[in-house]
Amino acid sequence: MSRNVIMVTGVLVILFGGFIWGIAGASEEPMCIPMGEITLEAPDGIEARRAAVEFPHSVHFDYACKDCHHKWTGKETIQNCTTSGCHDITESPKKSGKKNLQKDAELKYYKTAFHKQCIGCHKQIKNQNLILELSRVTTHDKMPDTGPTSCNACHPKE
Ligand code: HEC
Ligand code: HEC
Ligand code: HEC
């Protein structure tokens, strides 16, 4: 899929000035889709231990929007990941005896949610590349690009 022209639920959206306006499904309200880098940082009131992360949004548009915006139905405006009721816990949850409850609680912790999604996908591509590399005779073909998996590559040292 071209990086400059993307489809939002079947409506062609046009790129201009670093932003595109998409018509989000049946809703009349246009949605502004950030095309450049989005700065991801610890929620208000949290003292960050690491530098904020510069996330190149449109570099990821080969994936479906819903791969990341997993609650989006295509109609409403997309919400922040840390919106109330989503990944809105700001501290690692205490251990609970129940495994399933523990898993749910962990995913509400914003740090776990981001790490799981971001690092999870980048690692998966690295693993696939490793299998590819081991399974072929020649090594001339270019491997698929992966994203960063080391701490400093996402949280640059200040
Ligand atoms: C690889 C994951 C990923 C993919 C794929 C992705 N996004 Fe995002 N998007 C994000 C993240 C992370 C944010 C920042 C959210 C935050 O600040 O909490 C974001 C932010 C946004 C925002 C701004 C929301 C706000 O805070 O106001 C919009 C709109 C958006 N994305 C639309 C899209 C659309 C449309 C697509 C598909 C073309 C898409 N995104 C694909 C991860 C992704
Ligand atoms: C579904 C898979 C997937 C998810 C989820 C994902 N990424 Fe990526 N990411 C990629 C791929 C593939 C690339 C390499 C793309 C390229 O270079 O063309 C990449 C590249 C990057 C890069 C390097 C871009 C560059 O220009 O070198 C950064 C930084 C990055 N991702 C950050 C993040 C962050 C932060 C998140 C979570 C908010 C995230 N990614 C979520 C697949 C993913
Ligand atoms: C693919 C990118 C990526 C990688 C790799 C990554 N992180 Fe993160 N990390 C994030 C994102 C996105 C957030 C949420 C935004 C924020 O708080 O900066 C986050 C949040 C955090 C937070 C909570 C916020 C804070 O600053 O206190 C800590 C601590 C953290 N990461 C440490 C690490 C450590 C340690 C590593 C290496 C083991 C690591 N991260 C690797 C993307 C990444």
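Our subject is the structure listed above.
All of these numbers come straight from a predicted model, not from anything done at the bench.

How should the coordination of the iron atom of ligand 1 be read in this particular structure?
The expected angle between donors at a tetrahedral four-coordinate metal is 109.5 degrees. At an octahedral six-coordinate metal it is 90 or 180 degrees. Protein coordination of the iron atom of ligand 1 is provided by His57 (NE2) and His69 (NE2), with donor distances spanning 2.0 Å. Each of the six donor atoms around the iron atom of ligand 1 contributes to a set of angles spanning 88 to 179°, which defines the coordination as octahedral. Of the two residues, histidine 57 is situated in the loop between β7 (53-56) and α1 (65-68) and histidine 69 in the loop between α1 and α2 (99-108); the sequence distance between them amounts to twelve residues. The exposure class assigned to histidine 69 is partly exposed, which follows from its relative accessible area of 24%.

What should I look at first to understand the coordination of the iron atom of ligand 2 in this one?
At 2.0 Å from the iron atom of ligand 2 lie its protein donor atoms, namely His60 (NE2) and His122 (NE2). Classification of the site at the iron atom of ligand 2 rests on its six donor atoms, whose angles at the metal span 85 to 179°, yielding the label octahedral. Residue histidine 60 is found in the loop between β7 and α1, and its partner histidine 122 is found in helix α3 (residues 110-135); the two are separated by 62 residues along the sequence. Accessibility expressed as a relative area gives 12% for histidine 122, which makes it buried.

Scoring rules and cut-offs
Residues numbered from 1 in each chain as written. Chains lettered and ligands numbered in written order. Predicted model: local features only at pLDDT ≥ 70, side-chain atom pairs only at ≥ 80, totals over all residues. Heavy atoms only, no water. Donors = N, O, S within 2.8 Å, 3.2 Å for Na, K, Ca; no water. Tetrahedral: all angles 85-135°; square planar, octahedral: opposite > 155°, others 65-115°. Helix = DSSP H or I, 4+ residues; strand = E, 2+ residues; numbered from the N terminus. Buried < 20%, exposed > 50% of the residue type's maximum accessible area, 1.4 Å probe, protein only.

Any functional reading would require information beyond the geometric quantities listed.
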